[in-house]
Every structure is written in structure tokens, then in C-alpha cells.
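Close look at the chain arrangement
Residue-level listing of the chains:
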Amino acid sequence: MAQIKEAKVPDIGDFTDVPVIELLVAVGDKVVKDQGLATLESDKATMEVPAPFAGTVRELKIKVGDRIGEGAVVAMIEVAEAGSDDGKAASAAAPAPDQAAAPAKAPAPPPAAAADALPPAPARAASPAAATAPAPSAGTPASPPVAFGADAVAPGKVPHASPAVRAFARELGVDLGQVAGSARAGRITREDVQAFVKQALAGAGARSGGGSGGGLDLLPWPKVDFAKYGPVRSEPLSRIKKISGANLARNWAMIPHVTQFDEADITLMEAFRKELAGEHKDVKITPLVFLIKAVVAALKAFPRFNASLDASGENLVLKDYFHIGIAVDTPDGLVVPVLRDCDGKGLVELSRELAAISAKARDRKLGPGDMAGGCFSISSLGGIGGTAFTPIINAPEVAILGVSRSSTRPVWDGTAFEPRLMLPLALSYDHRVIDGADAARFTSFLARTLGDLRRLLL
Ligand code: CAO
């Protein structure tokens with residue numbers, strides 16, 4: 001017969017009067033034994049109150065902000081039979097095994113935190129994580145929440161992390177007890193969880209390859225006391241650098257990059273650009289907008305470049321829209337806002353939009369929507385200098401064009417050397433999706449188009 005019992009805070013060591021920072025269940029939720037009911041956070045540690053038995057939550061006795069200690073009643077739980085505290089009888093009332101594996105409810109990280117710190121999730125296709133880490137689905141975390149027994153809550157033993165980080169760890173199935181915290185007082189950050197997952201994946205990969213090159217069997221990062229060698233200063237990385245760094249590292253490690261180099265004769269294009277610039281003095285018209293138009297034409301001619309691998313990694317999603325990401329250098333680091341529907345816009349309109357979006361980027365006013373939905377990116381260092389570089393693909397896109405500074409060089413026209421303005425191009429592409437021959441065709445097409453803009457009319 002069903003019985004309603006009190007779920008109380010267990011012995012939590014020396015902690016009393018600890019604030020409740022998060023409720024992990026709601027009335028009506030089914031819980032399994034040891035599932036977290038609420039999170040408490042003292043100045044020394046964060047801990048979850050585990051369900052002492054399985055059943056259905058009938059009433060919550062606490063709310064966020066309450067301060068509680070050992071013995072406080074957290075919830076009233078209806079169990080199927082009396083005497084189920086030991087968990088054996090409770091199994092009769094526990095959800096079916098599949099439900100038990102996916103607890104009824106765990107809160108998602110607060111949206112601010114999610115948007116704030118979480119770089120776009122790796123495409124599962126591109127990610128060995130898909131093979132080893134469970135894929136979270138809405139409302140059903142793929143792993144049981146991390147709960148800590150009373151014997152694990154002494155200071156120094158309890159993982160110290162914010163609710164958002166704890167929710168993030170739960171989603172990834174990470175036991176925070178195994179993660180070393182890098183922040184003040186050993187607090188675990190989102191980056192620590194990501195680093196832990198990366199390391200675990202590298203280990204799993206190495207194991208699956210028999211330790212013979214099957215995974216990223218990397219050496220630990222060198223720890224050097226630089227101060228031993230001379231005066232040093234330390235400065236924290238900006239938030240943008242941390243986010244873009246994590247994305248760049250993932251893309252560099254997971255995408256088989258090849259870079260195809262080419263050059264375009266932009267002598268005629270440059271003459272036209274100057275003419276146009278003279279007619280539109282209110283806006284800066286640079287070679288970049290010509291590149292955008294030429295890229296759109298190339299994407300139309302080679303649709304596999306305007307595509308992404310789907311989540312299974314087995315299908316290519318081909319796009320019939322032309323949104324181009326532009327790498328913008330800001331004082332805080334690199335960002336890639338997206339210019340939409342570039343196929344339907346002219347050079348002057350694109351120049352205005354480019355000026356507006358790069359100003360917005362430099363003023364730190366870009367929202368996540370400004371950077372979403374890109375098909376293909378262009379990274380132009382032409383205004384700065386250099387002859388060539390190998391850009392990193394902006395996943396889940398499959399290619400990126402790097403542009404360096406144009407220079408006038410003698411070019412043999414069959415009978416004589418002619419001074420021509422040459423623009424260096426570098427196309428990095430995902431070799432899983434694009435073959436080298438197609439990449440060479442793509443850059444040749446680009447070069448021909450930039451060399452003779454009439455081709456944009458074809
Ligand atoms: N060759 C020669 N000159 C070039 C050129 C090229 N390929 N591209 C631009 N220029 C010229 C422009 O015409 C302009 O000349 P004027 O000052 O005489 O008018 C000057 O260089 C400066 O251009 P710009 O940089 O202001 O404008 P842009 O449209 O070329 O680029 C933007 C805009 C936002 C992309 C750019 O400012 C920027 O941030 N670039 C850096 C991108 C980056 O960091 N990429 C690296 C990613 S990997 O870490």
C-alpha cells in the first residue's frame with residue numbers, strides 16, 4: 001500500500017543553516033533512490049540532498065533561499081510499500097529501468113549561463129563524444145544526476161560548482177567528484193568540465209585504438225614556472241577568447257583540414273572598386289564585398305560547399321540560402337557575425353551591412369542571433385598584411401576562405417610580363433565532405449570570377 005514518507009537532509013558533516021540554491025524535482029516527479037532532490041551550497045561546498053527512497057514527490061517542503069541543515073524535511077515522497085528506506089522495497093515503486101536510467105526531471109542550465117559560456121555543441125557526427133557520451137535529449141538527461149551520499153559531503157570531498165555547471169555536468173554524464181576545480185577554492189568551472197570530457201574522450205579513443213594511435217593520446221600540457229626564468233605577468237583570457245578558443249581547438253582537432261591556395265588577378269576589379277568608392281563616399285567599399293559576391297556564385301556552382309554534416313554524420317544537409325560569416329577582429333578577440341541572404345544584395349548594400357556588423361562586433365553588441373546560421377565564412381587579413389595563412393573551419397560549416405593582402409606582381413601573359421594586382425586566396429575545407437579536386441575547382445572558379453566580374457551575371 002502506498003505510504004507518504006519524509007525525505008530529510010542526511011548527515012552532512014559540520015554544515016548547518018545551508019542555503020538551498022536549486023530544487024531538482026517538482027511535485028509529481030518520480031524519483032529513484034539517491035536521485036538529487038535539491039542542491040545546497042555553503043561557502044565551502046555544494047551538495048545535493050539525495051532521495052532516501054524511490055517514489056513520487058507529493059510535496060516539497062523547502063524552496064530556493066531557505067536555509068536548512070541535517071534532519072530538515074525536504075520533500076514528502078509517496079513510496080509503494082512501507083520499509084523501503086533501504087531501497088529494496090522501494091524498487092517496487094521505482095520507475096521502470098528505462099525511466100530509472102533517465103530520471104524524470106533535471107533542470108536545464110539557466111538560459112543566461114547556456115548562452116554565456118557554452119560554445120556551440122560539436123556536431124555529433126564530428127565528435128567522438130557521440131560514440132562514448134550519451135546524447136542529452138530535452139527534459140531527459142542521459143545520465144543520472146550526480147548525487148552525493150552523506151559520507152561524501154565533508155569539505156574537501158564535495159565538488160564545488162555552481163548550479164549551471166552542475167546541470168551542465170549532469171547533461172554530459174560527468175561525475176563532478178572526479179573533476180579538478182581550477183577556480184578559486186577549487187571551484188569547478190564549465191571549462192573544467194569540458195576539459196575533463198576532452199581528456200576522457202582522448203583516453204577512450206586511445207583505449208579503443210588499443211593505445212596505438214587510435215585516439216588523441218596526448219601528453220599533459222607542460223606546467224612551467226615561467227617566473228623562474230624572468231619577470232612575468234598574468235592576464236585572464238577574455239570571455240570571447242575562451243569561447244572561440246574552445247571552438248577553434250575542437251574544429252582543428254576534429255575536422256580533417258586541407259588548405260587549397262590560389263590567387264586571383266584583381267587588377268580590373270580594383271579599378272572598378274575605386275570607381276564605385278568614388279561614387280559612394282558615404283560608405284567604405286573594400287575588396288571583401290566583391291569576395292562575398294564571388295563566394296556566393298561559387299557556392300551556387302558547387303553546392304557541397306554550402307552544406308553541413310547532419311547530427312548522425314551520415315548525411316549532408318545542403319542549404320538553399322547564402323548567409324556568409326565574416327571573421328571580425330575585435331579588441332576582445334575573434335568573432336564571426338553573419339551577413340544574411342548575400343545572394344540578393346548588391347555591393348553597396350553589403351558594404352553598409354559589413355560596416356554596421358563589424359562596428360557592432362567591436363562595440364561588443366553582437367547577440368547570439370547575429371552569429372548564427374552561417375553557410376560559409378570568409379576571414380580577410382588583407383587590410384593588415386601577409387601573403388598566406390591557413391584558416392580554421394567554422395563548424396558545422398565545411399569550408400572557409402582566407403584572404404591575404406593583394407600585391408602588384410609581374411605576370412607572364414604569353415608574350416611579356418605585365419604588372420597585375422594579385423590577391424592570395426586560401427580555402428580550408430573539410431576533407432570528409434570535399435575532395436581536393438573540387439576544392440581546386442572552387443578556388444579556380446573564384447579566381448576567374450574575381451578576375452572578370454561579368455561572370456557574376458552568368
Ligand atoms: N588586399 C589589399 N588591401 C586590402 C585587402 C586586400 N585583400 N582587403 C582590404 N584591404 C584594404 C581596404 O581596401 C582598406 O583600404 P583603405 O583603408 O585604403 O580604404 C584597408 O585595407 C582596411 O580594410 P578593412 O580591414 O577596414 O576592411 P575589410 O572590409 O577588408 O575588412 C573586417 C573588414 C571587419 C573583416 C576587418 O576589419 C577585420 O576585422 N579583419 C580581420 C579578420 C581576422 O582577424 N581574421 C583572422 C581570423 S583567424 O584568427
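What this report covers is the structure whose coordinates are included nearby. (Residues numbered from 1 in each chain as written. Predicted model: local features only at pLDDT ≥ 70, side-chain atom pairs only at ≥ 80, totals over all residues. Heavy atoms only, no water.)

**Points about the overall build of the protein**
- Looking only at helices and strands, the protein has 11 helices and 19 strands in total.
- Per-residue burial for the protein yields a buried fraction of 41% across its 458 residues.
- For the protein, restricting intrachain contacts to residue pairs at least 6 apart in sequence, the fraction spanning at least 24 positions comes to 65%.
- Working note: accessible area of the protein is about 23600 Å², and carbon and sulfur atoms make up 57% of it. (Helix = DSSP H or I, 4+ residues; strand = E, 2+ residues; numbered from the N terminus. Buried < 20%, exposed > 50% of the residue type's maximum accessible area, 1.4 Å probe, protein only. Contact = heavy atoms within 4.5 Å. Areas by Shrake-Rupley, 256 points an atom, 1.4 Å probe, with all protein chains shown as cover.)

**Quick word on the environment of Leu423**
- Within the secondary structure layout, Leu423 lies in strand β19 (residues 417-430).
- With 161 residues separating them in the primary sequence, Leu423 and Asp262 have C-alpha atoms 8.5 Å apart.
- In this structure Leu423 touches Asp262, Glu263, Ala264, Ile266, Leu291, Val403, Ser404, Ser406 and Leu450, once residues within four positions along its chain are discounted.

**Section: the pattern of salt bridges**
- Enumeration over the complete set of coordinates arrives at 16 salt bridges.
- The partner of Arg409 in a salt bridge is Glu263, with the nearest N and O atoms 2.2 Å apart. Of the two residues, Arg409 is situated in strand β18 (residues 407-412) and Glu263 in strand β9 (residues 257-265); the sequence distance between them amounts to 146 residues.
- Taking relative accessible area as the criterion, Arg409 reaches 32% and is therefore assigned partly exposed.
- With a closest N to O distance of 2.7 Å, Arg273 and Glu270 form a salt bridge. With Arg273 and Glu270 both in helix α8 (residues 267-279) and 3 residues apart, this pair spans about one turn of that helix. In this structure, Arg273 and Glu270 share a single accessibility class: buried. (Salt bridge = Lys/Arg side-chain N within 4 Å of Asp/Glu carboxyl O.)

**As for the packing of helix α9 (residues 287-301) against helix α11 (residues 436-451)**
- Here α9 crosses α11 at 135°, and the two axes come no closer than 9 Å. In terms of their interaxial angle, α9 and α11 are classed as oblique. Helix-helix and strand crossings are classified by hand; for α9 and α11 the assignment is right-handed. Across the interface between the two elements, Phe290, Leu291, Ala294, Val295, Ala297, Ala298, Leu299 and Ala301 from α9 touch Phe442, Phe445, Leu446, Thr449 and Leu450 from α11.
- The residue inventory of the contact of α9 with α11, partitioned by class, reads 12 nonpolar, 1 polar and no charged. (Axes fitted to C-alpha atoms, helices over the stretch in contact; angles between N-to-C directions. Parallel < 35°, antiparallel > 145°, perpendicular 65-115°, else oblique. Left-handed = near helix turned anticlockwise from the far one by under 90°. Nonpolar A, V, L, I, M, F, W, Y, C, P; charged D, E, K, R; others polar.)

**Points about unusual backbone geometry**
- A cis amide bond links Ala395 to the next residue, Pro396, at an omega of 5°.
- With respect to the helices and strands, the residue Pro396 is situated in the loop between β16 (376-380) and β17 (399-403).
- Phi is positive for Asp341, close to 45°, though the residue is something other than glycine.
- Mapped onto the secondary structure, Asp341 falls in the loop between β15 (338-339) and α10 (347-362).
- For Asp341, a relative accessible area of 41% gives the class partly exposed.
- Phi at Arg364 takes a positive value of approximately 60°, unusual for a residue other than glycine.

**Observations regarding the site of the ligand**
- Surveying the vicinity of the ligand reveals 23 residues, the closest of which are Thr286, Asp329, Arg362, Ser379 and Ser406.
- Ser379 places a polar side-chain atom, nitrogen or oxygen, 2.9 Å from a nitrogen atom of the ligand.
- Measuring from a nitrogen atom of the ligand, one finds a backbone N or O atom of Ser406 at 2.9 Å.
- About the coverage of the ligand: the protein hides 70% of its 970 Å² of free accessible area.
- Of all the elements in the fold, those that place two or more residues in the shell around the ligand are α9, β13 (328-330), α10 and β16.
- With 3 residues, the top contributor of residues to the shell around the ligand is α10.
- Partitioning the shell around the ligand into residue classes produces 10 nonpolar, 8 polar and 5 charged. (Near = heavy atom within 4 Å. Polar contact = N/O pair within 3.5 Å; in protein donor to acceptor, adjacent residues only side chain to side chain.)

**Examining the nonpolar core**
- The biggest cluster of nonpolar side chains holds 55 residues, and the ones touching the most others in it are Ile324, Phe376, Ile378 and Leu450.
- Among the elements that line this core, the one with the most residues is α9, at 11 residues.
- Ignoring anything within four residues of it in the chain, the contact list for Ile324 reads Ile292, Val295, Val296, Leu299, Pro337, Val338, Leu339, Cys342, Phe376 and Ile378.
- In this structure, Val20, Val49, Phe53 and Val74 belong to the second largest nonpolar core, which totals 23 residues. (Core = buried A, V, L, I, M, F, W, Y, C linked by side-chain atoms within 4.5 Å.)

**Examining α11**
- For α11, which comprises 16 residues, the first-to-last C-alpha distance of 22 Å matches the rise-based estimate of 22 Å (1.5 Å per residue) to within 8%.
- Buried positions along α11 lie against β9, α8, α9, β16, β17 and β19. (Expected span 1.5 Å × (residues − 1).)

**Focus on the packing of aromatic side chains**
- Using the criterion set out here, one finds 7 aromatic pairs in the structure.
- Members of the aromatic cluster, each reached through a chain of ring pairs, are Phe302, Phe305, Phe376, Phe442 and Phe445. (Phe/Tyr/Trp six-rings, centres within 6.5 Å; stacked < 30°, edge-to-face > 60°.)

**Digging into the environment of Leu291**
- Here Leu291 is to be found in helix α9.
- With relative accessibility at 1%, the residue Leu291 sits in the buried group.
- Taking the C-alpha atoms as reference, Leu291 lies 9.3 Å from Thr449; in sequence the two are 158 residues apart.

**Let's talk about the sheet that holds strand β6 (residues 55-60)**
- Spatially, 4 strands are ordered β1-β8-β6-β3 in an open sheet, and the strand pairing comes out antiparallel. With one partner strand each, in any of the chains shown, β1 (3-8) and β3 (30-31) form the two edges of the open sheet.
- The pairing of β6 with strand β8 (residues 73-79) spans 4 bridges and is antiparallel. Bridge assignment links Thr56 to a residue of β8, and that residue is Glu78. (Pairing = 2+ DSSP bridges.)

No statement about biological role is implied by the geometric values presented.
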